[in-house]
Amino acid sequence: MKVRVLLLISAAVLLFCFQLSNVMVVDAKESAEQQIWWGNVKTANTEKDFPDLRGGPENPERERQLPIDMRILQQRYPDTFILQGPLEQNKIALTFDDGPDPRFTDDVLDVLDQYNVPGTFFVMGSRAIAYPEIVERMNNEGHVIGNHTYFHPNLVEEGDLATLEREVTRTEDVLNDIIGYRTSLFRPPYGFLYDELVEKLAEMQYLVIGWSVDALDWEEDPPEVIASNVLDNVQPGAIILMHDGADWDGDRSNTIESLDQIIPILQEQGYEFVTVPELLNVPFAK
Ligand SMILES: [Zn+2]
């Protein structure tokens, strides 16, 4: 009997470790961005200053949610969760997150203008309301604007359905005041979502836009490295993730410089840059 109990416990531990390692694959990919974004909030977890649960002790009726890999969500919700466009055309889309940022966004727009290339900008509501003139410029120059929440929370760790709805609606209203349309595109901070959040976004008439190529530009490597992160992984239908915005101590100069390499090389290879809605042949507004 004892042996059986022991075996059961071992199996449970093994299963738990497996689940944990699955989650960490997703976590590791984005944790650096998260770290940059939230500064040092998550460091210094020694036993002495181990923080209390902000929302009180775990409610046993509430199952803790974990981020689900974007590829799994795409398979579960193929009509809502998009990672890339059709493979049979040479169209690709550049996307930029976390702006508008008064330090970098105008320079990104200048480069796109220089090559006559449209982009898709997933902006934060709190930054859009602070710098509406930059969002206006995006819109006037033919770029498409998507919703990237108001304050950029980790929607899995800190969020629930009510938080998601508040973050998304508030941003949608701010953007509508500036650009005159309600965007149909949403990108989750860090790519973190779980089933119920995707279902809620579908109910709110959003397409969730992930990415198929990660420029990893938030690591702030030299422009050549950012460029090869894109050039080595691009394929027809690619949705390329980059950032025009950063935290207060972040720098996107290398992102801007990398565009000067990425765009002409891919154009020479016969790729055509389009906005995400054009790539997917869907309306940009609800
Ligand atoms: Zn972001």
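Below or above, wherever it landed, is the structure these notes cover. It should be emphasised that the depicted structure is a prediction, and the values quoted were computed from it without experimental measurement. (Residues numbered from 1 in each chain as written. Predicted model: local features only at pLDDT ≥ 70, side-chain atom pairs only at ≥ 80, totals over all residues.)

What to know about the overall build of the protein
Our working definition: By the criteria applied, helices consist of DSSP H or I runs no shorter than four residues and strands consist of E runs no shorter than two, each listed in order from the N terminus. Exposed residues have 12 or fewer other C-beta atoms within 10 Å of their own C-beta, buried residues have 20 or more, and residues in between are partly exposed; the C-beta atoms are placed from the backbone. For the purpose of contact definition, each residue receives a C-beta atom placed from its backbone, and two residues are in contact when these atoms lie within 7 Å.
A tally of regular secondary structure across the protein gives 10 helices and nine strands. Counting across all 286 residues of the protein, residues that qualify as buried make up 40%. Within the protein, contacts between residues at least 6 apart in sequence are counted, and of these 80% link residues at least 24 apart.

Thoughts on the packing of helix α8 (residues 223-231) against helix α9 (residues 253-268)
Geometry of a packed helix pair, given as the angle between the helix axes and the separation of the axes. Where we set the bar: Where helices are involved, their axes are fitted lines through C-alpha atoms of the stretch in contact, as for all axes, and angles between N-to-C directions lie from 0 to 180°. Roughly parallel refers to an angle under 35 degrees, roughly antiparallel to one over 145, roughly perpendicular to one between 65 and 115, and oblique to any angle outside these ranges. Crossings are sorted by hand: turned counterclockwise from the far helix by less than a right angle, the near helix makes the crossing left-handed, and turned clockwise it makes it right-handed. Note on residue classes: Ala, Val, Leu, Ile, Met, Phe, Trp, Tyr, Cys and Pro are nonpolar, Asp, Glu, Lys and Arg are charged, and everything else, Gly too, is polar.
Where α8 contacts α9, the two axes come as close as 8 Å, and the packing angle between them is 45°. Taken as axis vectors, α8 and α9 run oblique relative to one another. Two packed elements cross with a definite hand, and for α8 against α9 that hand is right-handed. In this structure, α8 contributes P223, I226, A227, V230 and L231 to the contact, and α9 contributes N254, T255, E257, S258, Q261, I262 and I265. When grouped by side-chain class, the residues that make up the contact of α8 with α9 number seven nonpolar, four polar and one charged.

Topic: helix α6 (residues 161-179)
Rules: How far a helix is expected to stretch is found by multiplying one less than its residue total by 1.5 Å. Our arc is simply the arc of the directions from the helix axis toward the C-beta atoms.
Helix length check: α6, at 19 residues, gives a terminal C-alpha distance of 26 Å against a target of 27 Å (1.5 Å per residue), a fit within 8%. Within the sequence span of α6, burial applies to L164, E167, V168, T171, E172, V174, L175, I178 and I179. Along the long axis of α6, the arc covered by the buried residues comes to 170°, so they all point the same way. Exposed and oriented more than 90 degrees from the buried face of α6 are A162 and D177. Lining the buried residues of α6 we find α4 (125-130), α5 (132-140), β4 (144-147), β5 (185-186) and α7 (195-203).

Considerations on the environment of T171
Within the element layout of this structure, T171 appears in helix α6. C-alpha separation for the pair T171 and G125, spaced 46 residues apart in sequence, amounts to 4.2 Å. Ignoring any residue separated from it by four or fewer positions in sequence, one finds T171 in contact with G125, N147, T149 and Y150.

Notes on unusual backbone geometry
In the segment running from G99 into P100, the intervening peptide bond is cis, with an omega of -5°. Along the chain, P100 turns up in the loop between β2 (91-97) and α3 (105-114). For N116, which is not glycine, the phi torsion reads 55° and is therefore positive. Here N116 lies in the loop between α3 and β3 (120-123). In this structure N116 comes out as exposed when scored by C-beta crowding, with 11 C-beta atoms within 10 Å.

Some details on the pairing of strand β8 (residues 239-243)
The test is simple: Strand pairing requires that DSSP identify at least two bridges connecting the strands. Think of it like this: strands point away, you trace from the first strand over the helix to the second, and a clockwise trace means the crossover is right-handed.
Of all five residues that make up β8, five are buried, and the element is covered over most of its length. Side-chain alternation along β8 places I239, L241 and H243 on one buried face and I240 and M242 on a second face that is also buried. Two elements, β2 and β8, share five bridges in a ladder whose sense is parallel. Note on β8: the bridge partner recorded for T95 is L241. Bridging between strand β7 (residues 213-214) and β8 involves two bridges; their strand directions are parallel. Looking at β8, one finds that V213 is bridged to I240. The parallel pair β7 and β8, bridged by α8, forms a crossover whose chirality is right-handed.

With respect to the nonpolar core
How we decide: Put simply, a nonpolar core is a cluster of buried Ala, Val, Leu, Ile, Met, Phe, Trp, Tyr and Cys residues tied together by C-beta atoms within 7 Å.
If you look at the biggest cluster of nonpolar residues, it comprises 68 residues, and the most contacted ones within it are A93, L193, V208 and I240. Per element, the largest residue contribution to this core is six residues, and it comes from α6. Among residues more than four places away in sequence, those in contact with A93 are G85, T120, I239, I240, F273, V274, T275, V276 and L279.

Considering the environment of F104
Note that F104 resides in the loop between β2 and α3. Once the C-alpha coordinates of F104 and T255 are considered, the two residues, 151 residues apart in sequence, prove to be 9.3 Å apart. Other than its neighbours up to four places away in sequence, F104 contacts D244, G245, A246, R252 and I256.

Section: α3
Structural remark: α-helix, 3.6 residues per turn; residues separated by three or four positions point the same way. Those residues of α3 that fall on the buried side of the exposure criterion are T105, V108, L109 and L112. Buried residues of α3 fall within an arc of 100° about the axis and therefore sit on the same side. Those residues of α3 that are exposed and aimed more than 90 degrees away from the buried face are D110 and Q114. Summarising the contacts, the buried residues of α3 are in contact with β2, α5 and α9.

Brief notes about the pairing of β4
Side-chain alternation along β4 places V144 and G146 on one buried face and I145 and N147 on a second face that is also buried. Here β3 pairs with β4 via four bridges, running parallel. Within the sheet, the bridge partner assigned to F121 lies in β4 and is I145.

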